[in-house]
Amino acid sequence: MVPWARLFRRLHYEDLGEAETITGRIYRTILTIGSNLSKCWSFSRRSFRHYQQPFPSLYEDEATTSGITDGATSDQQNRVIFVNRPQPQKFVSNRISTAKYSVPSFVPLFLFEQFRRYSNCFFLLIALLQQIPDVSPTGRWTTLTPLILILSVSAIKEIVEDFKRHRADDETNRRLVEVLRERRWVAIRWEHLQIGDICKVLNNQFFPADLVLLASSEPQGISFIETSNLDGETNLKIRQAQPDTARLDAAPALADFRATVQCEPPNRHLYEFNGLLKEANVKTLPLGLDQMLLRGAMLRNTAWVHGVVVYTGHETKLMKNSTKAPLKRSSIDRQTNTHILMLFIILLALSLLSAGFNEFWMRNHNDWYIGLEEAQNAHFGFNFLTFLILYNNLIPISLQVTAEIVRFFQAKFISMDSEMYDPASDTAAMARTSNLNEELGMVRYVFSDKTGTLTQNVMVFHKCTIAEVIYSRPGPTERLEDTPLYQNLTREHPTAPVIREFLIMLAICHTVIPETKGDTVDYHAASPDERALVTGAAAFGFSFCTRTPSHVHVRALGDTLRYQLLHVLDFTSARKRMSVIVRTPEGTIKLYCKGADSVIYSRLSGGDSAPFAAATLAHLEHFAAEGLRTLVFAVADIPEQVYQDWSNTYHKASIAIQDREQKIEEAADLVENNLRLLGATAIEDKLQDGVPETIAALLKANINVWVLTGDKQETAINIAHSARLIHTAMPLLILNEDSLDGTRESMSRHAIDFGDNLRKQNDVALVIDGKSLKYAMGCDLKKDFLDLCISCKVVVCCRVSPIQKAEVVELVSGATGAVTLAIGDGANDVAMIQRASVGVGISGVEGLQAVCASDYSIAQFRFLLRLLLVHGAWNYSRISKLILYSFYKNICLYVIELWFAIYSAWSGQILFERWTIGFYNVIFTALPPFAIGLFDKLCSPEIMLRHPILYIPSQQGLLFNVRVFWVWAVNALLHSVLLFWLPVALADHHVLWSSGKDGGYLVLGNLVYTYVVLTVCLKAGLATHSWTWVTHVSIWGSLALWLLFLLIYSNIYPTILIGAVMLGMDRMVFGSLVFWFGLILIPIATLIPDLVVTVVRNSAFKSATEAVRESELKQRAPPALLAQPRHSLTETARLLQNVRSVFTRRSTSRAAVELELSHGFAFSQEEGGSVSQADVVRVYDTRQPRPEHS
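Criteria and thresholds
- Residues numbered from 1 in each chain as written.
- Predicted model: local features only at pLDDT ≥ 70, side-chain atom pairs only at ≥ 80, totals over all residues.
- Heavy atoms only, no water.
- UniProt positions renumbered as here; feature names shortened; annotations may be inferred.
- Phe/Tyr/Trp six-rings, centres within 6.5 Å; stacked < 30°, edge-to-face > 60°.
- Helix = DSSP H or I, 4+ residues; strand = E, 2+ residues; numbered from the N terminus.
- Buried < 20%, exposed > 50% of the residue type's maximum accessible area, 1.4 Å probe, protein only.
- Lys NZ or Arg CZ within 6 Å of the ring centre and 35° of its normal.
- Patch = residues over 30% accessible without salt bridge, like charges linked within 9 Å, V, L, I, M, F, W, Y side chains within 5 Å.
- Areas by Shrake-Rupley, 256 points an atom, 1.4 Å probe, with all protein chains shown as cover.
- Salt bridge = Lys/Arg side-chain N within 4 Å of Asp/Glu carboxyl O.
- Lys, Arg positive; Asp, Glu negative; His and termini not counted.
- Charge placed at Lys NZ, Arg CZ, Asp CG, Glu CD.
- Contact = heavy atoms within 4.5 Å.
- Polar contact = N/O pair within 3.5 Å; in protein donor to acceptor, adjacent residues only side chain to side chain.
- Pairing = 2+ DSSP bridges.
- Axes fitted to C-alpha atoms, helices over the stretch in contact; angles between N-to-C directions.
- Expected span 1.5 Å × (residues − 1).
- Core = buried A, V, L, I, M, F, W, Y, C linked by side-chain atoms within 4.5 Å.
- pLDDT = per-residue confidence, 0-100.
- Nonpolar A, V, L, I, M, F, W, Y, C, P; charged D, E, K, R; others polar.

Named according to an unreviewed UniProt entry, the protein chain is Phospholipid-transporting ATPase originating from Bombyx mori. Quoted verbatim from the Sequence similarities (unreviewed entry) heading of the UniProt record, the comment on the protein chain is "Belongs to the cation transport ATPase (P-type) (TC 3.A.3) family. Type IV subfamily." In its Cofactor (unreviewed entry) section, UniProt records this for the protein chain: "Mg(2+)".

Written as structure tokens, this is what we have:
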């Protein structure tokens, strides 16, 4: 019992509540295991081992946990990793897989996927029933053989598609990284990387796993990483190694390094990490997020870093935010399943009815000459199974294989579309799955990432306003001396001093690190905005060239100016500004301040009436209307004594024990006033080509576009303006709450503002940040949040994690039942891509993670328009017609067996020869479905793109639904009536031949069969929108194949011992004038009603699609029907025009936020890091050479 005593002595150090919890757990366990003392002893030993760590570690554990983590249970111990030594336990490999199948899982998963389709389950049942002797009227193998063929074709297609995923995964897994092996660096594949390995990552390389930073090429172990692949933020993050490990900058030192890393179990929290680094005979070092290098991030502006691997493969935080590749099904597939189930019920009813009629007939007939004695011994159940097998073909067995083949080639058409080829990256579109082709035509919601999806990740200095004059950046072929700014600066223009001050400020008010390479200077910046500003200053001749810990050097039109850097006041989201205090070459002290107009204008000397203020504000609005990111620049002269007094105040604030940040901000406020306005800049966050036009067309197609990004609110809204997703007159509903109650109150207020228009689309944009989204996605607010989102035309979610993106997509998909599409290019988009009905990956600069997890991949966002409006609408129409037509042609033929049962005493006798029944779908009517599924199109691609409204019928499922299905089914039923009884009427008096001979029931069967083949082929032509040579071949070729088969099959017996009943059938059929007369009369008589209905509908009840098709054929402009579509998208927007003031009730702070947004303010900068921007610039001396190698 010693372990129990140790356990309770261990619990003595715990608080009472935890002791009670663990004691209660032990007590419950003892009750559960009862008298099994061995299990009790086993439990006590496990409990003892769990608590036998040294006492201080308990508090270390408490300090390093952050609540419940995904994938890590509360009982799971912290991970202990031995650096440069073998691991005592086995960890997961670093190989990742986004594929659906593996070799062992393929068969069970594939069969599960296939037998989710009711049709396959039904045909398997029929195939089993056919093995019962003397039950099947059609033989034992007529169902099993096609079923095996169908499953084989589907399996081959799935293997081919999943092989592409495995190949893309291999491309990632086989990347190389340098790892320390036997005191030297060895390049190995990512997939071979192991926990505890020390690896070296070079500049502009992705991190292969989750690493703890040990050392870097930069001073004090600093490194810069880009996390846009993880969180969508474009600014660089700063990571810093512990000072005690920053010395490990060479292989020998790393090889002698012996330590253990203790860290939390794998979890999905991107912004949390806690651990300890324990080196022998050295104090324990704490590890946090500042030492964490996550897989998916990229090293920037740093020659190399050394790191130790702590999480690998699917245990990395990136992969923890992903979900397993789902088995997606299209909406049409699910609807078809329902229709098959209903047809199966009808089939059961028909079989019961026929078996009942057979019983009734047998009881009322006792004709000795037809030998009914044996037949009378057959019981009702036996007859029921016979009719079930006889009628089973009402459900087309060839449908699945036909659809699979058609989808496969549709996917090939997408990949072969030259209009979706990007020559810049040599990348074509690719369909990674073909099961969802028709879903592309039904998309109602598009969820888009921002960074790399809508934007190019490139910031460009576009223009500026200085002293009320707007200047544009010099063009690529324009000389600096020819620019208006240069001329005003050098020709003593009245604004020349202001221009010079502005350009000097651009060159020194930042935290950029210059690196001279030959005659050029490369700028490394944590903020892409600052890099663009410094580059813009250099374009105007004011080049920032050198940084030391205390000075900056600027080359101004050939002269080198040296400024002493006194203070750097960092940018924060609360301050919305950044300042530097410098001593000029003349010895004066100046403060340069840049930031949002709302904070700069309130600090101007003279306020809004200050010089240049009004004109600059008008210019800001002009810049914002163009979707540009704006910053306002101002300067202040500081007397020496004032600076000294303020410097003492600032120093006291910076060493304060309590409320340090608040006191530092208050100290900064003291000096950032009495500013003189210089001007403002406009930076372009370059969109990908065609993004505004694409989004405008998607909105016209009644597709809601939501932006889900990890970037800042200002940046996201700015991009939404640039992309024309939000227009200047659109009210913004901003949810930035820090509590559950605040979120609930804000959502309730907005819901009340909408009134009766709640849950109706309004011309309003909703903007919500990640923290508010966390509360809004809670169980009690989820419905209210969804109502609010549906009420808005545009939704922008900012600062959201990858799993939050997936939750939003899942919420909308589940609650609305609409088809959703998620598009992104980074690893942070994988989860939402997999949760959406359709996932589209952009093969951009952020790696292949999103592409590997996607269903379709494209090179540019603009290609999404063609993917949806052309391929999506076409494929939806094609698959809809293919499925409807497949059911139609089967009902046409096989219901005839029911009509024939009336004449055959409900005996189950078949009218057609059994192999002609089997070949009906496989050969004789196989071509028209392929012609429809592959080559039919509503309109030309140019028309589809020019009129996005043509997408709405497919989006709303107007071409395939319950009503349309049963219209086709009833139509087929009526056709079967005509196709049976008209030939029966022709042969009623046995006048098939002039000789008066009779050929038996099989002659009638072959007449009917021929008429059915021709009729259903012509019906395919009637349903086809665009006739091509393929259409003609499929229709007339199908009839020719049947007649050729009849000719051959009627003459092969007894050479081949099959088809004895068909011997001489060709001469009997072809020798009858009645047959040829009926071949013309019966199909025409059957299809005339269909033709009349089609003509009336396309004339009197013309849809928008038909109107455009007609105008395309007549080569004239489309009618006014397109100008004012029936499906109006702006009805509620018009209702809101009179109540727009509802959304103007804002607090003062909220009004300030919206003012900044309307003026285009956006600035990317890391906040809250362990290394401030001021500290970063103090450690660099760019006059010293940077180490290129470790």
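The rest of the description comes next.
Draft legend 1. Seen up close, the packing of aromatic side chains. Evaluation of the coordinates by the stated rule reveals 41 aromatic pairs. Ring geometry for phenylalanine 461 and phenylalanine 540: centres 6.1 Å apart, planes at 85°, overall edge-to-face. Highlighted residues: phenylalanine 461 in strand E16 (residues 455-466) and phenylalanine 540 in the loop between helix H17 (528-539) and strand E20 (542-547), separated in sequence by 79 residues. Take phenylalanine 461: its relative accessible area is 1%, and that puts it in the buried class. Judged by its relative accessible area of 1%, phenylalanine 540 falls in the buried class. Each residue in the set Tyr894, Phe912, Trp915, Phe919, Tyr920, Phe924, Tyr1009, Trp1042, Phe1045 and Tyr1049 is aromatic and connected to the rest through ring pairs, giving one cluster. The cationic tip of lysine 1019 hangs over the ring face of tyrosine 888; the distance from NZ or CZ to the ring centre is 5.7 Å. Sitting over the ring of tryptophan 968, lysine 1019 keeps its end group 5.0 Å from the ring centre.

Draft legend 2. Just a negative patch on the surface, in detail. Together, Asp659, Glu661, Glu665 and Glu666 make up a region of like negative charge exposed at the surface. The topology assignment puts glutamate 661 in helix H21 (residues 660-671).

Draft legend 3. Fine view of the side chain of threonine 916. For threonine 916, the location among the structural elements is in helix H32 (residues 914-924). With residues near it in sequence (within four places) discarded, threonine 916 still touches Phe924, Tyr1009, Trp1042 and Phe1045.

Draft legend 4. Quick look at the UniProt feature "binding site: Mg(2+)" (unreviewed entry) in the protein chain. If you check UniProt for "binding site: Mg(2+)" (unreviewed entry), the listed places come out as Asp449, Thr451, Asp825 and Asp829 in our numbering. A compact arrangement is adopted by the annotated residues: their sequence extent is 381 residues, whereas the largest C-alpha distance between any two is 10.6 Å. Structurally, aspartate 449 can be placed in the loop between strand E15 (443-448) and E16. Taking the relative accessible area as the measure of exposure, aspartate 449 reaches 0% and is therefore buried. One polar contact links aspartate 449 to threonine 453, side chain to side chain, over a distance of 3.5 Å. Of note, aspartate 829 is situated in the loop between strand E31 (819-824) and helix H28 (830-835). Beyond its immediate chain neighbours, meaning those up to four positions away, aspartate 829 contacts Asp449, Lys805 and Gly824.

Draft legend 5. Structural view of the sheet that holds strand E9 (residues 275-279). Ordered by their spatial adjacency, four strands build an open sheet running E1-E8-E9-E10, and the pairing between neighbours is antiparallel. Where the open sheet ends on each side, the last strands, each with one partner, are strand E1 (79-83) and strand E10 (285-287). Within this sheet the neighbouring strands show an average axis-to-axis angle of 25°, counted without direction.

Draft legend 6. Looking closely at the UniProt feature "transmembrane region" (unreviewed entry) in the protein chain. As recorded in UniProt, the sites labelled "transmembrane region" (unreviewed entry) are residues 338-358, 378-399, 887-906, 918-939, 960-981, 1001-1021, 1033-1053 and 1073-1093. Counting secondary structure, residues 887-906 comes out at 80% helix and 0% strand; the distance between its end C-alpha atoms is 24 Å. Across residues 1001-1021, the secondary structure splits into 100% helix and 0% strand, with the terminal C-alpha atoms separated by 31 Å.

Draft legend 7. View of helix H37 (residues 1001-1023). With 23 residues, H37 extends 33 Å from end C-alpha to end C-alpha; this agrees with the ideal 33 Å at 1.5 Å per step. Among the 23 residues of H37, 20 are classified as buried, and the element is accordingly described as predominantly covered.

Draft legend 8. Summary view of the nonpolar core. Core analysis: the largest hydrophobic core is formed by 156 residues, its most contacted members being Leu821, Leu864 and Leu868. Element by element, the count of residues in this core is highest for helix H30 (residues 863-894), at 21 residues. One finds Trp190, Leu211, Ala241 and Ala297 within the second-largest nonpolar core, a separate group that totals 50 residues.

Draft legend 9. Representation of the confidence of the model for the protein chain. Per-chain confidence: the protein chain averages 83 in pLDDT, with 86% of residues scoring 70 or above. Across residues 1-75 the pLDDT falls below 50, and counting only partners more than four positions away or on other chains, this stretch makes 61 contacts in the model. Low pLDDT (under 50) marks residues 1123-1150, which in the prediction has 35 contacts with non-local residues, meaning those over four places away or in another chain.

Draft legend 10. Layout of unusual backbone geometry. The phi dihedral of glutamate 468 is positive, around 75°, even though this residue is not glycine. Examined against the element boundaries, glutamate 468 turns out to sit in the loop between E16 and strand E17 (469-472). Not every positive phi belongs to a glycine, and arginine 724 is a case in point at roughly 65°. Counting through the fold element by element, arginine 724 comes out in the loop between helix H23 (713-722) and strand E28 (732-735). A residue is classified by how much of its surface remains accessible, and arginine 724, at 46% relative accessible area, is partly exposed.

Draft legend 11. Examining the pattern of salt bridges more closely. Applying the stated criterion across every chain, the model contains 47 salt bridges. With its nearest N and O atoms 2.5 Å apart, the salt bridge here joins glutamate 315 to arginine 79. One end of the pair, glutamate 315, is in the loop between strand E13 (304-311) and helix H10 (317-320); the other, arginine 79, is in strand E1, with 236 residues separating them in the sequence. By the burial criterion, glutamate 315 is buried, and arginine 79 matches it. Two residues, aspartate 855 and lysine 328, come together in a salt bridge whose shortest N-O distance is 2.8 Å. Here aspartate 855 is found in the loop between helix H29 (849-853) and strand E33 (856-858), whereas its partner lysine 328 is found in the loop between H10 and helix H11 (331-364), with 527 residues between them in sequence. Judged by relative accessible area, which is 12%, lysine 328 ranks as buried.

Draft legend 12. Here's a closer look at the side chain of aspartate 763. Mapping aspartate 763 onto the fold places it in strand E29 (residues 762-769). Here aspartate 763 sits buried without a salt bridge, and the closest side chain of opposite charge, lysine 793, lies 4.1 Å off (N-O distance). A distance of 3.1 Å separates the side chain of aspartate 763 from the side chain of histidine 727, its partner in a polar contact.

Draft legend 13. Broad picture of the environment of glycine 957. Structurally, glycine 957 is set in the loop between helix H35 (952-955) and helix H36 (962-986). Relative accessible area serves as the criterion here: at 8%, glycine 957 is assigned to the buried category. For the pair glycine 957 and serine 331, spaced 626 residues apart in sequence, the C-alpha to C-alpha distance is 9.4 Å. Setting aside residues up to four positions removed in sequence, glycine 957 forms contacts with Met442 and Tyr876.

Draft legend 14. Spotlight on the packing of helix H6 (residues 118-129) against H11. Interaxial distance between H6 and H11 falls to 8 Å at its minimum, and their mutual angle equals 35°. In this structure, H6 contributes Tyr118, Ser119 and Phe122 to the contact, and H11 contributes Asn337, Ile340, Leu341, Phe344 and Leu347. Among the residues making up the contact of H6 with H11, the classes are represented as six nonpolar, two polar and no charged.

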